Amino acid sequence: MKFEDLLLEIGGFGRFQILILFILCLPRINLPMHFLLHNFLAATPSHRCAIPHQEAFVNLTVEEVLLISIPREPDGTFRSCEMFSRPQFQLLLNSSLRPENDSIIQPCQHGWAYDHSQFTSTISTQWDLVCEQRGLNQATATFFFIGVTMGAVVFGYLSDRFGRKTMLLLSLVCSVVFGMLSAASVSYSMLAVTRTLTGVALSGVSLIVLPLGMEWVDIQHRTLTGILTSIFWSIGNMLLAMVAYLVREWHWLLVAVTGPCLLSIVCLWWVPESARWLIANGKVKQAHRHLLRCARMNGRKDFAEDMPLIMYAQRIVLQWEYKKPGESYSYISLFRTPVLRKISLCSGAVWFGVAFSYYGMSMNLTGFGLNMYLSQFVFGIIEIPAKMIMYVLVNRVGRRQSQAWALILTGLCIGANVIIPKPFTSLRSVVAIMGKGFSEAAFTTVFLYTSELYPTVLRQNGMGYTSFVARLGGALAPLVFLLDEVWRSLPEVTYCGVAVCCGSVAFLLPETLNVRLPEGIEDIE
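Model, not experiment: these values are computed from the prediction. (Residues numbered from 1 in each chain as written. Predicted model: local features only at pLDDT ≥ 70, side-chain atom pairs only at ≥ 80, totals over all residues. Heavy atoms only, no water.)

## Some words on the UniProt feature "transmembrane region" (unreviewed entry) in the protein
Here the UniProt-annotated "transmembrane region" (unreviewed entry) positions come out as residues 139-158, 170-191, 197-217, 224-246, 252-271, 343-361, 373-393 and 405-424. Its end C-alpha atoms 27 Å apart, residues 343-361 is made of 100% helix and 0% strand. This span, residues 405-424, is 75% helix and 0% strand, and a straight line between its end C-alpha atoms measures 27 Å. (UniProt positions renumbered as here; feature names shortened; annotations may be inferred. Helix = DSSP H or I, 4+ residues; strand = E, 2+ residues; numbered from the N terminus.)

## Focus on the nonpolar core
Grouped together as the largest cluster of nonpolar side chains are 114 residues, with contacts concentrated most on Leu24, Phe35, Phe145, Leu168, Trp216, Tyr359 and Phe443. With twelve residues, helix H8 (residues 188-214) is the single largest residue contributor to this core. Each of domain 1 (1-42 + 131-323) and domain 3 (334-524) accounts for three or more of the residues forming this core. Leave out the neighbours within four places in its chain, and Trp216 touches Leu7, Gly12, Phe16, Gln17, Ile20, Pro272, Glu273, Ser274, Ala275, His290, Leu291 and Cys294. Grouped together as the second largest cluster of nonpolar side chains are seven residues, Met83, Cys108, Val130 and Cys131 included. (Core = buried A, V, L, I, M, F, W, Y, C linked by side-chain atoms within 4.5 Å. Buried < 20%, exposed > 50% of the residue type's maximum accessible area, 1.4 Å probe, protein only. Domains from an automatic or database assignment. Contact = heavy atoms within 4.5 Å.)

## What to know about the packing of helix H16 (residues 338-362) against helix H19 (residues 425-453)
When two helices pack together, their arrangement is given by the angle between the helix axes and the distance between those axes. Packing of H16 against H19 brings their axes to within 9 Å, and their N-to-C directions diverge by 150 degrees. By the angle between their directions, the pair H16 and H19 is classed as roughly antiparallel. For the crossing formed where H16 meets H19, the hand is left-handed. In contact with Ile343, Val350, Trp351, Val354, Ala355, Ser357, Tyr358, Tyr359, Met361 and Ser362 of H16, H19 contributes Ala432, Gly435, Lys436, Ser439, Glu440, Ala442, Phe443, Val446, Phe447, Thr450 and Leu453. When the residues that make up the contact of H16 with H19 are grouped by side-chain class, the tally is 14 nonpolar, five polar and two charged. (Axes fitted to C-alpha atoms, helices over the stretch in contact; angles between N-to-C directions. Parallel < 35°, antiparallel > 145°, perpendicular 65-115°, else oblique. Left-handed = near helix turned anticlockwise from the far one by under 90°. Nonpolar A, V, L, I, M, F, W, Y, C, P; charged D, E, K, R; others polar.)

## Side note on the pattern of salt bridges
As enumerated under the stated definition, the model contains six salt bridges in all. Here Lys387 ties to Glu440 by a salt bridge, and the two come within 2.2 Å at their closest N and O atoms. Here Glu440 lies in helix H19 and Lys387 lies in helix H17 (residues 372-396), a separation of 53 residues in the sequence. We note that Lys387, like Glu440, is buried. (Salt bridge = Lys/Arg side-chain N within 4 Å of Asp/Glu carboxyl O.)

## Comments concerning the domain arrangement of the protein
By a widespread convention, an interface's size corresponds to the accessible area lost as its parts come together. In terms of domain boundaries, the protein breaks down into domain 1 (1-42 + 131-323), domain 2 (47-114) and domain 3 (334-524). Between the C-alpha centres of domain 2 and domain 3 there is a distance of 46 Å.

And the structure:
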């Protein structure tokens, strides 16, 4: 008896599964509010060098003081990172005059003055992470994704060893603790450390939610499960835009996006452990209790009465299907056999390309001609129809073709915006929104696809490994923006090239449409 056969007997998608999925979607909403928080947490408002007061400035207006103190760009705007070493009073007579030589221009000496019309405070204004310190500002996102990367390895292994639900609860508790400590940071170093640890904790949530839900539903509803949980990511995307619009102070913004984890912790009480995992690890009595509850809640009372006999009769068979006695698995097992090795290498490349391009677009809210709050909200909205379309495509065209073309088209849209001139704001915005839709479609598919590629005994290890590679992409994505100092379009060209190449690798993966979830390595090979 395969587990799918047992699941069909007790109801593969009834009230029991709907309740579980709804509860698991609550932490899913919270994920993008942290993963994309850098857009608002580290936003850099307009700034200029701070000018100390001098007696010679008593009779001058603010505009005149700036005119004689700060050099201007060719377009007439004041420079953000430089000032004159001494006031240039001759500019009061003729503002079009050029300084006698560049030697009188120097970096800001007295800090910066910021435009607070949009943000009360961000970490950029708190610790002056601008100009020469700009790299530290971008590194904040990288630190977070380094934490997510480490968490993928840790929680991928632990959830296969100690159970899905236990590790999900641990990750949520740690997310609350480290999230609140981040909000209380008194130095950049403290923020960097606590954001890294928050990333480690949230990685467990990201990694466990989908497989835990997927392991309770039948084959026919696996795609719906993946799309449904993914839609709640988009809802979190839109909620982040609204929360950031209402909360303009970075300390309280961190508190606002961390607080909902408490609700998830409370609701997790009603979510059972994965019966697949329990059986695979020889805990048949616990699996029997949860399956009995599932049968009763789904209205299969006749089957519920017969289940004790069925469970114990099939105990040895079910355990043998999952794991041979005394055999243990680790990340090394992903590369021991040829077919599994090919799957692991190719899926790792696809995950890297998906995350690299997704976060590259998501963290460039001001680059497409829209207000950043509106961009965040629109990017969230466009993801929902993209997911609906993918729901149809992955069931008609298949997982492999959908995954490959979604990622390739993401890269082409990013590349198109390199060619489209800056003045064509509307066209650039439309192409960017299309690219964001394709990017989210690729992300939605890869979660579903990967969970179907790996066998039950290695599923969380496989998800942990691919999530590790993806978070490397997420960690590198914000740093690529610094390449604009070499060539203004180099970041976009990089995102485009990686997305197209990694999308092409997806064609090498096997198709999983309407295929049973593999239980052991033998099913893969």
